[in-house]
Amino acid sequence: MTEMMTPAMRQYYEAKQAYPDTLIFFRMGDFYESFGEDAKTIAKELEITLTARGKNREGEKMPLAGIPYHALDTYLPRLINKGYKVALCEQLEDPKQAKGVVKRGVVRVVTPGTAIDSSMFSDASNNYLMAVAGKEVGKSGKNTEKNSEKNSEKEMEMGVSFLDISTGEFLTTQFRDSENFEKLLSELARMHPAECILPPSLYGNSDLVDRLKGQTIVQVFAPEISGSEEAGEKLKHHFKVATLEGMGCEKLDFAVSSAWAALEYAQTTQLRDLEHINTLRTYSNSEFMILDSITLRNLEIVKNVRDEGDANSLYRILNCTKTPMGSRTLKKWLLKPLLSVENINLRLDAVEELAADPLLRYDIRKWLSEVRDIERLVGRVVYGNSNARDLIALKKSLDAVPPIRDCLKEKIESELLKEIAEGLASFSELENLAEMIEKAIVEEPPVSVREGGMIKPGYGAELDELRDIASNSKQWIAAFQQKEKERSGIKSLKVGYNKVFGYYIEITNANSSQVPEDYIRKQTMSNAERFFTPELKEKESLILTANDKSMALEYEIFLKITQALSAHSRELQETAERIGALDVLAVLAEAAGNNNYVRPQLTDDCKILIRDGRHPVVENTVPGGFVPNDTEMDCKEDQFLLVTGPNMAGKSTYMRQTALIAIMAQAGSFVPASHASIGVIDQVFTRIGAFDDLASGQSTFMVEMVELANILNNASPRSLILLDEIGRGTSTYDGYSIAKAVVEFLHNRGKVGVRALFATHYHQLTALEEKLKRVKNYHIAVKEEGHELVFLRKIVPGATDRSYGIQVARLAGVPEKVIERANEILKELEKENVFEEAEESENGKKKKSKATARYTQMMLFDPGSSGRTSAQANRSSPVEATLKKLNLEEMTPIEALNKLHELKRLLN
Ligand code: ADP
């Protein structure tokens, strides 16, 4: 049948055959066209008209949809973001010069994870392709016959790589994972890849694929080679190195396999060597605090829970970076807080130095704001799809580097800043490269690189000469027009030009009788005729060749410059990286000053001591001002803080702020507190709030229990656990029992328990403080004023014995009738003493909850409206401290009265 097709259609089907899983964008003149099923899909997804043309293989009318070629940037991202792959089938020769049908071929396949065009990115975030390799391995020593298959005794050895072809960043890692792929999913959540490729062996695991699919676009991809050895060889060949040792992955077979899969996938979609991908970095999760996907979500580190945007996230609060590299780096630091006290202090030293010198910071940030996305600009230059505007942007960015270097030159003390300064200074070619662009490229070049107008006059004699011919010719044409007007006596005669017909003499029909005899007809218009003369024809070819030649020469010069830049791509990318780090350090210093943060102390023990801690995000949103709170934890005495208090009291906020302060500290940031000392945390686990994971068909309670299981199985003594309302999703008795068992389990796991904050409305749990020595009760104080419930937002030691649910319902505007009835029911229930009976049957005898007694006592010492800031009874408030110091014997009555005034002011 193919014989019956037009040659162009044959080309189309060839492309479709070679790239069956893509939509083909087939270039026809000024359009990209698609046919058949592709056309239907494209018309539907892009909401464009579906038409029909010619006949298909079956002799039916062929569906067709097309977009103008210049609208590619608008339409392509829409398809890619929906998960389609698009193959661009271009004209490979100039249609004007083509003999017969124009040659066409696929030049690039665009997929979500291999996008390089700037139109594809909505912000400065990295666009990662994720590649996975791995295989099941038995858990050593534990695979006994007794363990049924279901007992999670299987483990996976996984290699994962992330490649951002727009910036050239390439990372790999290898780790042991559970058969539930918890670590893999946590990497996925942190890196947020646009696309993930799996080898067929893993693609067959529907569990894995389903879990990945909720978060990224998943494709199966089988590299042509088999085995890690061959993959290693391929990588060495690409990086032109003899060993992968320098990259740290020589012995990590799965890391190597996944890295090669990523690179091969990128090469086969881009159909070229990707030279700007010039290094591979191996990282180990043991260097970073682990934040799994649930924790990232719950703590709203880079995205909020509401709409997944970055509003109200920690990242947004801190992100006033000046450069795209800076905002990407900040995200990385927040997603991967460090574990080494030494490395954290390197960052903190630099932040402190910049925080202490606002002028230096101002200068650095002023210059940073001149720097564009060097990483992506270099990516495009090396890749070969840059234009002269990119070169100008790169030059402006490079111009800002020497002043930044100078800012850092003299007074810098901290090691990290020194390292950045030295690194920037080591790129000796930087100024030459900037100058090379400066000399050649005009200030505001056109978008196209093929139509001239990019290169400055005076750059080269040959180009100037060609341009002279073209511009002199313009004068010649003007003179020719004048001469012909006079010769023919036709005043309206004009000489014009169009792309198809070239130069012509146009004479309106009214003057057709006066056309000179030697004019040769060229084209007939509705109200005029167009002619040429041999003289005009000769000049035309001279002008056109000069024009063509000068455009070709400009392009050649442009290519030479991009080649020279490509030769330094590694240094350019390293410069970009240093700029990114400097930007973040300056931003953290800026945030420290603007938000009143302090430098945290990091230790290798397991204490957490936070004075006047604040939630970095909530503190900006509460209208009445944020009430700071203290946290004291360790593994020996205050391991397990049981936090009670009514709904809306501020329990979640308090728990989150503790974790966020630790995360900020380990990322290298100052923190919202008056003092913070943090024993380094290896992983934060959270179980906060309930949401149905409907996409995966799990109920709230199931989700809750899955998360709980993960926490109980994986928390180490260095972890921090936040548990909010465990057991809420089931009946009261079930929920209470689970909650209690969880507290006991975490408390009794070993001699040193894992640090945990546990917020619960089961105030009966507070009795556990009596039994478990490292459990400490705290509650968030409230005050009842008549019917009203006043939230004091203060955490105080001791338990509460009421949930105040009904008061909160009143606050929320539930009708008074319902509130009254609820109060009646509550009274009846309290008479029946539901929970105390549960306690009684457990202990054999009924005992009055000590919590109740203590609660009443604690309320006496609750800060009330006193503004007392201490969570610990042994710390006195400013009022108490002042009172203690007073020497009453030596005071006059008026002094005493004044002092009283002062104390009252302090209280308010
Ligand atoms: P809970 O977990 O006890 O139900 P939340 O932590 O969700 O309560 O807090 C409820 C609201 O109270 C928050 O949205 C915030 O507006 C406010 N809030 C919480 N903690 C504080 C605080 N320390 N200072 C001021 N307002 C606070």
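The following refers to the structure shown. (Residues numbered from 1 in each chain as written. Predicted model: local features only at pLDDT ≥ 70, side-chain atom pairs only at ≥ 80, totals over all residues. Heavy atoms only, no water.)

With that settled, the discussion passes to the overall build of the protein chain. Counting its secondary structure elements, the protein chain contains 30 helices and 27 strands. In the protein chain, of all internal contacts separated by at least 6 residues, the share reaching a separation of at least 24 is 68%. Carbon and sulfur atoms form 51% of the exposed surface of the protein chain, whose accessible area is close to 43400 Å². (Helix = DSSP H or I, 4+ residues; strand = E, 2+ residues; numbered from the N terminus. Contact = heavy atoms within 4.5 Å. Areas by Shrake-Rupley, 256 points an atom, 1.4 Å probe, with all protein chains shown as cover.)

Next up on the list: unusual backbone geometry. Phi is mostly negative for residues that are not glycine, and the peptide bonds are mostly trans. Despite not being glycine, F181 shows a phi value in the positive range, around 60°. Topologically, F181 is positioned in the loop between strand 9 (169-178) and helix 4 (182-191). We note that K240 has phi near 55°; this positive angle belongs to a residue other than glycine. Residue placement: K240 occurs in the loop between helix 7 (228-239) and helix 8 (253-270). Judged by relative accessible area, which is 70%, K240 ranks as exposed. (Buried < 20%, exposed > 50% of the residue type's maximum accessible area, 1.4 Å probe, protein only.)

Turning to the packing of helix 13 (residues 358-368) against helix 15 (residues 388-409), a few remarks are in order. Contact pair helix 13 / helix 15: the axes reach a minimum separation of 9 Å and the direction vectors enclose 165°. Taken together, the axes of helix 13 and helix 15 lie roughly antiparallel to each other. When you trace helix 13 past helix 15, the crossing you get is left-handed. On the side of helix 13, the interface is formed by L360, D363, I364, W367 and L368, while helix 15 contributes A400, P403, I404, C407 and L408. (Axes fitted to C-alpha atoms, helices over the stretch in contact; angles between N-to-C directions. Parallel < 35°, antiparallel > 145°, perpendicular 65-115°, else oblique. Left-handed = near helix turned anticlockwise from the far one by under 90°.)

By the burial criterion, the buried members of helix 13 are L360, R361, I364, R365 and L368. Projected down its long axis, helix 13 carries its buried residues within an arc of 125°, all on one side. The outward face of helix 13, more than 90 degrees from its buried face, is lined by the exposed residues L359 and Y362. Looking at the buried residues of helix 13, the elements they touch are helix 12 (341-356), helix 15 and helix 20 (569-594). (Arc of directions from axis to C-beta.)

Judged by pairing direction, the sheet is antiparallel, and its four strands sit side by side in the order 14-15-17-16 without closing on themselves. Both edges of this open sheet fall to strand 14 (494-498) and strand 16 (520-524), since each of them pairs with a single strand only. Neighbouring strand axes in the sheet, compared pairwise and without regard to direction, differ in orientation by 40° on average. Sheet topology places strand 15 (residues 502-508) next to strand 17 (residues 528-532); four bridges connect them, and they run antiparallel. Each residue of the ladder has a partner; that of E506, found in strand 17, is R530. In this fold helix 18 (residues 461-488) packs onto strand 14 and strand 15, with an angle of close to 140° to the strand it touches most, strand 14. In the packing of helix 19 (residues 534-566) onto the sheet, contacts are made with strand 14, strand 15, strand 16 and strand 17, and the angle to strand 15 comes to roughly 140°. (Pairing = 2+ DSSP bridges.)

Our next topic: the sheet that holds strand 12 (residues 281-282). The strand order 11-10-7-8-9-12 describes an open sheet built from six strands, whose pairing is mixed. Edge positions in the open sheet fall to strand 11 (217-220) and strand 12, since each of these has one partner strand only. As paired strands, strand 10 (residues 195-198) and strand 11 are joined by four bridges and run parallel to one another. Residue E195 lies in a different strand from strand 11, and its bridge partner there is I217. The strands touched by helix 8 within the sheet are strand 7 (129-138), strand 8 (154-164), strand 9, strand 10 and strand 11, with strand 8 carrying the most contacts at an inclination of about 40°.

Looking now at the packing of aromatic side chains. Counted under the stated rule, the structure contains 14 aromatic pairs. When the ring of Y12 is compared with that of F35, the centres are 4.7 Å apart and the planes differ by 85°; the resulting orientation is edge-to-face. Remark: F35 occurs in strand 2 (residues 31-35) and Y12 occurs in helix 1 (residues 7-18); sequence separation between them is 23 residues. Across this residue pair, the class does not change: Y12 and F35 are buried. Among the aromatic side chains, those forming a connected cluster through ring pairs are Y12, Y13, F26 and F35. Across the ring face of Y315, the terminal group of K331 is positioned such that the distance to the ring centre comes to 5.0 Å. The positively charged end of K537 is found above the aromatic ring belonging to F532, 5.7 Å away from the centroid. (Phe/Tyr/Trp six-rings, centres within 6.5 Å; stacked < 30°, edge-to-face > 60°. Lys NZ or Arg CZ within 6 Å of the ring centre and 35° of its normal.)

V627, M648, K651, S652 and T653 are the nearest of the 13 residues found near the ligand. At a separation of 2.8 Å, an oxygen atom of the ligand approaches a polar backbone atom of K651. Taking T653, its side chain carries an N or O atom lying 2.5 Å from an oxygen atom of the ligand. Compared with its free state, where it exposes 560 Å², the ligand has 79% of that area covered by protein. If one sorts the elements of the shell around the ligand by residue count, helix 21 (residues 651-667) sits on top with three residues. Of the residues belonging to the shell around the ligand, the class tally is six nonpolar, five polar and two charged. (Near = heavy atom within 4 Å. Polar contact = N/O pair within 3.5 Å; in protein donor to acceptor, adjacent residues only side chain to side chain. Nonpolar A, V, L, I, M, F, W, Y, C, P; charged D, E, K, R; others polar.)

A few words on the pairing of strand 22 (residues 675-679). In terms of residue burial, strand 22 counts as a mostly covered element, since four of its five residues are buried. Pairing of strand 18 (residues 601-603) with strand 22, which is carried by three bridges, proceeds in the parallel orientation. Note on strand 22: the bridge partner recorded for T603 is G679. Of the pairings in the sheet, the one linking strand 19 (residues 608-613) to strand 22 comprises four bridges and is antiparallel in character. Of the residues in strand 22, the one forming a bridge with L609 is S677.

Distances and angles like these do not, on their own, reveal function.
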